[in-house]
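Architecture and fold: a report
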Amino acid sequence: MRFSIRTIVCLVLVGLLFQTVVFGAASPDYKTTKTLLDTSQTVIGEDILYPGGGQARIKAMVVVLEPGERTVWHRHGVPLYAYLLAGDLELDYGPAGKRIYHSGDNFMEAMTEFHQGHNIGSDEVRILAVFMGGEGQPLVIPKE
């Protein structure tokens, strides 16, 4: 079987990429790393359980709140990882208290406690929201 130079180069590059992805993340060769989050609990101490056991459905989005804007009171039907890309955000968890987050903060959002977000700054709030759910499961459940 004969391989072209192009095929051999592609195979070598794929092999190097595989090695970097599989082994590079655990390598002590990196000068600086920053773990954003490593947890098994939400911001208010709830255990994170994978909902339903059905087929996974992961959704990532950027949520934007203008200065002074508030979300509706809601909770989440699936685990939600949040990373504040910009701005100052206050989250009111009712009986579980309030939390204030600033650009660069991250957390696992509460699931069973209804809450409301409020942009308390003078700049736009931008949140990277990663929902880790299952097919057909609600991401946001408004309070009735």
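The numbers attached to residues start from 1 for each chain and follow its sequence in the written order. Whole-chain, interface and lining totals are the exception, using all residues; otherwise, since this is a predicted model, local features are given only for residues with pLDDT of at least 70 and side-chain atom pairs are given and counted only at 80 or more. Excluded from the side-chain calculations are hydrogens and water; all other atoms, namely the structure's heavy atoms, are used.

Here we take up the overall build of the chain. Counting its secondary structure elements, the chain contains 1 helix and 9 strands. Only runs of H or I of at least four residues qualify as helices and only runs of E of at least two qualify as strands under DSSP, and these elements are numbered from the N terminus. Sequence-ordered secondary structure for the chain, helices as α and strands as β, is α-β-β-β-β-β-β-β-β-β. Buried, partly exposed and exposed residues are distinguished by accessible area as a fraction of the type maximum, computed with a 1.4 Å probe on protein chains only: under 20%, between the cut-offs, and over 50%, respectively. By residue count, 28% of the 144 residues in the chain fall in the buried class. By sequence separation, contacts in the chain at least 24 residues apart represent 76% of the contacts at least 6 residues apart. Should any heavy atoms of two residues lie within 4.5 Å, those residues are considered in contact.

Mapped onto the fold, alanine 60 is located in strand E1 (residues 56–65). C-alpha separation for the pair alanine 60 and alanine 82, spaced 22 residues apart in sequence, amounts to 9.6 Å. Those residues in contact with alanine 60 that lie beyond four places of it in its chain are Ala129 and Val130.

Glancing now at the sheet that holds E1. Pairing within the open sheet is antiparallel, and its 4 strands lie in the order E1-E8-E3-E6. Edge strands, defined here as strands with exactly one partner in the open sheet, are E1 and strand E6 (106–108). Across this sheet, the average inter-strand angle for adjacent strands is 15 degrees, counted without regard to direction. A strand pair is defined by DSSP finding two or more bridges across the two strands. In this sheet, E6 lies alongside strand E3 (residues 80–86) in antiparallel orientation, the contact comprising 3 bridges. In the strand pairing of E6, tyrosine 83 is matched with asparagine 106. Convention adopted: a line fitted to C-alpha atoms gives each axis, helices being fitted over their contacting stretch, and angles between N-to-C directions are expressed from 0 to 180 degrees.

Here is a general trend for soluble globular proteins: nonpolar side chains tend to be buried in one another's company. Buried Ala, Val, Leu, Ile, Met, Phe, Trp, Tyr and Cys residues that are joined via side-chain atoms within 4.5 Å together make up what is termed a nonpolar core. Core analysis: the biggest nonpolar cluster contains 11 residues, these being Leu65, Ala82, Leu84, Leu89, Leu91, Tyr93, Tyr101, Phe107, Ala110, Val125 and Ile127. Secondary structure elements with two or more residues in this core: E3, strand E4 (88–92) and strand E8 (125–134). The contact partners of valine 125, leaving out residues within four places of it in the chain, are Val63, Val64, Leu65, Leu84, Ala86, Gly87, Asp88, Leu89 and Asn119.

Okay, the pairing of strand E5 (residues 98–102) next. By the bridge criterion, 5 bridges tie E4 to E5 in an arrangement that is antiparallel. The residue bridging aspartate 88 from the neighbouring strand is histidine 102, located in E5. Two successive antiparallel strands, E4 and E5, enclose a turn made up of 5 residues, where glycine 94 displays a positive phi of approximately 60 degrees.

To continue, consider the confidence of the model for the chain. Each residue gets a pLDDT score, which is the predictor's confidence in that residue and runs from 0 to 100. Taken residue by residue, the chain gives an average pLDDT of 77. The fraction at 70 or more is 69%. Here residues 3–31 is a poorly scored stretch, pLDDT under 50, and it has 5 contacts once near neighbours within four places are set aside; other chains count.

All right, on to the side chain of histidine 76 then. By the secondary structure assignment, histidine 76 is in strand E2 (residues 74–76). As used in this structure description, the phrase polar contact means that two N or O atoms lie within 3.5 Å; if the pair is within protein, one of them must be able to donate a hydrogen and the other to accept it, and residues adjacent in sequence are counted only when both atoms belong to side chains. Only 3.4 Å separates the side chain of histidine 76 from the side chain of histidine 74, close enough to count as a polar contact. A polar side-chain atom of histidine 76 sits 3.0 Å from the main-chain carbonyl oxygen of leucine 139. Every residue in contact with histidine 76, bar those within four places of it in the chain, is listed here: Glu109, Ala110, Met111, His115, Phe131, Leu139, Val140 and Ile141.

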